[in-house]
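Listed below are the residues making up each chain.
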Amino acid sequence: IHVNSTTVVVQFETEGFPKPEVIWLDENGQRLIHHLELHDQTKDGLYLVRSRYEAQKPVVNVTFTQKNYLLNQSLERPVIFSY
């Protein structure tokens, strides 16, 4: 989590296989616009994923979801932050 005078940035970074689907949801379950960097496979066969959501308000209540359909896995991380 990065905070400056105008925004709060929540970022998630990981490596894995296969390419995941990344979703950010607000407190009402609505999809949020986010930035996603997905780098091709490394020499280990993994993908590097960096995703971030930028909020223009001092209170953040979002959920990060990463889905791996090949392995039938879903990772959810709720984030609640205020300053």
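Residues numbered from 1 in each chain as written. Predicted model: local features only at pLDDT ≥ 70, side-chain atom pairs only at ≥ 80, totals over all residues. Heavy atoms only, no water.

Under the annotation held in an unreviewed UniProt entry, the protein chain carries the name Butyrophilin subfamily 3 member A2-like Ig-C domain-containing protein and is attributed to Cirrhinus mrigala. A UniProt comment under Subcellular location (unreviewed entry) is attached to the protein chain, and it reads "Membrane". (UniProt positions renumbered as here; feature names shortened; annotations may be inferred.)

1. Observations concerning the nonpolar core
Formed by Val8, Val10, Val22, Trp24, Leu32, Val49, Tyr53, Ala55, Val60, Val62, Phe64 and Val79, the largest nonpolar core amounts to twelve residues. With residues up to four places along the chain from it excluded, the contact list for Val10 reads Ile1, Trp24, Ser51, Arg52, Tyr53, Val60 and Val79. (Core = buried A, V, L, I, M, F, W, Y, C linked by side-chain atoms within 4.5 Å. Buried < 20%, exposed > 50% of the residue type's maximum accessible area, 1.4 Å probe, protein only. Contact = heavy atoms within 4.5 Å.)

2. Focus: unusual backbone geometry
In this model, Phe17 is joined to Pro18 through a cis peptide bond whose omega is -5°. Within the secondary structure, Pro18 sits in the loop between β2 (8-16) and β3 (21-25). With a phi close to 55°, Asn72 is a non-glycine residue in the positive phi region. With respect to the helices, strands and loops of the structure, Asn72 is situated in the loop between β6 (59-68) and β7 (73-82). The exposure class of Asn72 is exposed, given its relative accessible area of 73%. (Helix = DSSP H or I, 4+ residues; strand = E, 2+ residues; numbered from the N terminus.)

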